Amino acid sequence: MPTHRQPPSTAKAPGKAPQQPRGNFRHRYDELESKRAELVARLALISGGSQRHPGYKRALTLLNDTFRKSKLAQRLAVLQAASWLIDILEQLTSLV
């Protein structure tokens with residue numbers, strides 16, 4: 001390295017928050033699996049007419065088939081979509 005150059009600084013920019021470590025693959029995988037299990041349990045609590053709603057079957061598909069086929073990086077988005085759909089179904093149950 002030429003003497004007139006300084007090595008790149010490892011200090012962060014003042015406005016940026018430090019990044020948290022992502023954890024290893026197994027830790028992230030287990031977290032997503034536990035979130036999926038919570039959503040499946042929420043979906044199972046839905047009763048009556050909402051189980052006949054087409055969104056119920058779609059939520060099951062998201063939590064099972066789509067979740068399993070997705071890469072690890074995409075699974076969080078699949079869970080968020082399923083959570084949103086379950087929220088809608090729970091609101092429908094409260095209206096009926």
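If you're wondering where the values come from, they're calculated on a predicted model, not measured in any experiment.

## What about the environment of Ile 86?
Okay, step 1: Residue position: Ile 86 is located in helix H3 (residues 72-95).
Okay, step 2: Counting along the chain gives 31 residues from Ile 86 to Gly 55, while the straight-line C-alpha distance between them is 8.2 Å.
Okay, step 3: Excluding its chain neighbours within four sequence positions, the residues that come into contact with Ile 86 are Leu 39, Arg 42, Leu 43, Ile 46, Ala 59 and Leu 63.

## Things to note about the packing of helix H2 (residues 54-69) against H3
Okay, step 1: One can describe the packing of H2 onto H3 by two numbers: an axis separation of 9 Å at closest approach and a directional angle of 165°. Between H2 and H3, the angle is such that the two are roughly antiparallel. The interaxial crossing formed by H2 with H3 has left-handed handedness. Facing H2, whose interface residues are Gly 55, Tyr 56, Arg 58, Ala 59, Leu 62, Leu 63, Thr 66, Phe 67 and Arg 68, H3 presents Arg 75, Val 78, Leu 79, Ala 81, Ala 82, Leu 85, Ile 86 and Leu 89.

## Observations regarding H3
Okay, step 1: When the terminal C-alpha atoms of H3 are compared, their 36 Å separation across 24 residues agrees well with the 34 Å that a helix rising 1.5 Å per residue should span.
Okay, step 2: Taken as a whole, H3 has its buried residues at Leu 72, Arg 75, Val 78, Leu 79, Ala 82, Ser 83, Leu 85, Ile 86 and Leu 89.
Okay, step 3: Turning to H3, the residues buried within the fold contact helix H1 (25-45) and H2.

## A short note on the pattern of salt bridges
Okay, step 1: Inspection of the entire model under this criterion finds 4 salt bridges.
Okay, step 2: Here Glu 33 makes a salt bridge to Arg 68, at a shortest N to O gap of 2.6 Å. On the criterion of sequence distance, the pair formed by Glu 33 in helix H1 and Arg 68 in helix H2 is long-range, its members being 35 residues apart.
Okay, step 3: Looking at Glu 33, the relative accessible area reads 18%, which means it is buried.
Okay, step 4: Residue Arg 68 is classed as partly exposed on the basis of its relative accessible area of 40%.
Okay, step 5: The residue Arg 42 makes a salt bridge to Glu 90 at a minimum N-O spacing of 3.0 Å. Taken together, the residues span a long stretch of sequence, with Arg 42 in helix H1 and Glu 90 in helix H3 at a distance of 48 residues.
Okay, step 6: Taking relative accessible area as the criterion, Glu 90 reaches 31% and is therefore assigned partly exposed.
Okay, step 7: Through salt bridges with shared partners, one network takes in Arg 42, Asp 87 and Glu 90.

## With respect to the packing of aromatic side chains
Okay, step 1: Here the structure, examined in full by the defined rule, presents 1 aromatic pair.
Okay, step 2: Considering the side-chain rings of Phe 25 and Tyr 29, the 6.0 Å spacing of their centres and the 25° angle between planes classify their relative orientation as stacked. Taken together, the residues span about one helical turn, with Phe 25 and Tyr 29 both in helix H1 at a distance of 4 residues.
Okay, step 3: You can call Phe 25 partly exposed: its relative accessible area is 48%.
Okay, step 4: In this structure Tyr 29 comes out as partly exposed when scored by relative accessible area, which is 25%.
Okay, step 5: Across the ring face of Phe 67, the terminal group of Arg 75 is positioned such that the distance to the ring centre comes to 4.7 Å.

What counts, and where the lines are drawn
- Residues numbered from 1 in each chain as written.
- Predicted model: local features only at pLDDT ≥ 70, side-chain atom pairs only at ≥ 80, totals over all residues.
- Heavy atoms only, no water.
- Helix = DSSP H or I, 4+ residues; strand = E, 2+ residues; numbered from the N terminus.
- Contact = heavy atoms within 4.5 Å.
- Axes fitted to C-alpha atoms, helices over the stretch in contact; angles between N-to-C directions.
- Parallel < 35°, antiparallel > 145°, perpendicular 65-115°, else oblique.
- Left-handed = near helix turned anticlockwise from the far one by under 90°.
- Expected span 1.5 Å × (residues − 1).
- Buried < 20%, exposed > 50% of the residue type's maximum accessible area, 1.4 Å probe, protein only.
- Salt bridge = Lys/Arg side-chain N within 4 Å of Asp/Glu carboxyl O.
- Phe/Tyr/Trp six-rings, centres within 6.5 Å; stacked < 30°, edge-to-face > 60°.
- Lys NZ or Arg CZ within 6 Å of the ring centre and 35° of its normal.

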